[in-house]
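# Tertiary structure, described
Residues per chain are reported as follows:
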Amino acid sequence: MCSCGTKITRHEATLESLPALRPNTPPDERDPQQRMRVQLREESRRRKVEEMEQQMKKQHLIQHPYVSFHNRVVKAYNKLNEICFEGRLPPADNVIHWSRKPHMPFLGCMFGVHGVIVGIVLSADITSMQVLIEVLMHEMAHADVEVKQLPIGRSCHGKHFKESATKAVAVLEANRSVLEALVDTQLNVDVDQVRRAKRRRRFSPYRK
Ligand SMILES: [Zn+2]
């Protein structure tokens, strides 16, 4: 688990011994060995996604108490996905979740496995839209690295995460008024705040 709470699983120990398919080479449907290899990988992927969904549900998922706040965050995610991540991430409806887990140390958490985004869990205690957007963009940068299946590094805030977050903030800066109109809030999104893993003990969710 990374220091912002993000959980990513990449490796299939049981399948490691199988030779990998060459990228961009479609499996030969007539070759029973290749067919079995593809089936095993798909089965393992499905199982891992289900396990990750179970882990995510343990975060005491709730409906956000303020529907209008939730709706603004959903719109913000979809707009950020479109302008900052070129639509690579899945739509918000299946991704954005809220938690008010007692003693949850994180303000955000991305659950991903084998290039699949299982969900992004945000703390329902965040009342500042500015903080919410920073946490959301941080988790979306994790999701971007996962979708592209780039190396995550030991801390999962490695080179690719930093590149994705930095680029997203730069693109947002050029389109800030679009997002501000959507969330009805003036924003001052800072790249250092987005790249930083936010924990409750050193970060107030109520900062304006
Ligand atoms: Zn993180």
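See above for the structure.
Keep in mind the model is a prediction, meaning the values are calculated, not measured. (Residues numbered from 1 in each chain as written. Predicted model: local features only at pLDDT ≥ 70, side-chain atom pairs only at ≥ 80, totals over all residues.)

## Topic: the environment of Val74
Residue placement: Val74 occurs in helix H2 (residues 67-84). For Val74, a count of 17 C-beta atoms within 10 Å corresponds to the partly exposed category. Along the backbone, Val74 and Asp93 are 19 residues apart, and their C-alpha atoms lie at a distance of 7.3 Å. Once you skip the residues sitting within four places of it in the chain, Val74 turns out to touch Ala92 and Ile96. (Helix = DSSP H or I, 4+ residues; strand = E, 2+ residues; numbered from the N terminus. Buried ≥ 20, exposed ≤ 12 C-beta atoms within 10 Å, placed from the backbone. Contact = placed C-beta atoms within 7 Å.)

## Comments concerning the nonpolar core
The biggest cluster of nonpolar side chains holds 47 residues, and the ones touching the most others in it are Leu80, Leu122, Leu132, Leu136, Met137, Met140 and Ala168. Among the secondary structure elements, those contributing two or more residues to this core are H2, strand S3 (96-99), strand S4 (108-113), strand S5 (116-123), helix H3 (129-147) and helix H4 (159-174). The greatest single-element share of this core, amounting to eleven residues, is contributed by H3. Ignoring sequence-local partners within four residues, the contact set of Leu132 consists of Val73, Leu122 and Ile126. (Core = buried A, V, L, I, M, F, W, Y, C linked by C-beta atoms within 7 Å.)

## Concerning unusual backbone geometry
Positive phi, close to 55°, is recorded for His60, a residue that is not glycine. Among the structural elements, His60 can be located in the loop between helix H1 (32-57) and strand S2 (61-62). At Asp184, a position not held by glycine, the phi torsion is positive, near 55°. Position of Asp184 among the secondary structure elements: in the loop between helix H5 (176-183) and helix H6 (191-195).

## As for H4
In this model, H4 (16 residues) spans 23 Å end to end at C-alpha, consistent with the 22 Å of a helix rising 1.5 Å per residue. Residues Phe161, Ser164, Ala165, Ala168, Val169 and Leu172 constitute the buried set of H4. Projection of H4 onto a plane perpendicular to its axis shows the buried side chains occupying an angular sector of 125°, all on one side. H4 presents Lys159, Ala170 and Ala174 as exposed residues on the side facing more than 90 degrees away from its buried surface. At its buried positions, H4 is contacted by H2, H3, H5 and H6. (Expected span 1.5 Å × (residues − 1). Arc of directions from axis to C-beta.)

## Some points on the environment of Gln63
Note that Gln63 resides in the loop between S2 and H2. The exposed category is assigned to Gln63, around which 10 C-beta atoms lie within 10 Å. Between the C-alpha atoms of Gln63 and Ser99, which are 36 residues apart in sequence, the distance is 8.1 Å.

## Describing the environment of Leu107
Note that Leu107 resides in the loop between S3 and S4. Classification of Leu107 as buried rests on a count of 27 C-beta atoms within 10 Å. For the pair Leu107 and Val135, spaced 28 residues apart in the sequence, the C-alpha separation amounts to 6.9 Å.

## Re the packing of H2 against H4
Relative orientation and spacing of two packed helices are given, respectively, by the angle between their axes and the distance between those axes. One way to put it is that H2 packs onto H4 with a least axis distance of 9 Å and a crossing angle of 100°. Judged by the inter-axis angle, H2 sits roughly perpendicular to H4. Contacts from Leu80, Ile83 and Cys84 in H2 reach Ala168, Val171 and Leu172 in H4. Residue composition of the contact of H2 with H4, grouped by class: six nonpolar, no polar and no charged. (Axes fitted to C-alpha atoms, helices over the stretch in contact; angles between N-to-C directions. Parallel < 35°, antiparallel > 145°, perpendicular 65-115°, else oblique. Nonpolar A, V, L, I, M, F, W, Y, C, P; charged D, E, K, R; others polar.)

## Considering the pairing of S3
Residue alternation in S3 divides its side chains into two sets, Ile96 and Trp98 and His97 and Ser99, and both sets are buried. Strand direction decides the pairing type here: S2 and S3, joined by two bridges, are antiparallel. The residue of S3 that forms the bridge with Leu61 is Ser99. Inspection of the sheet shows S3 paired to S5 by four bridges, in the parallel sense. (Pairing = 2+ DSSP bridges.)

## Regarding H3
Under the 1.5 Å per step criterion, the end-to-end length of H3 is 26 Å for 19 residues, consistent within 8% with the ideal 27 Å. Note on H3: the residue one or two positions beyond its end, Gln149, has a positive phi of about 55°.

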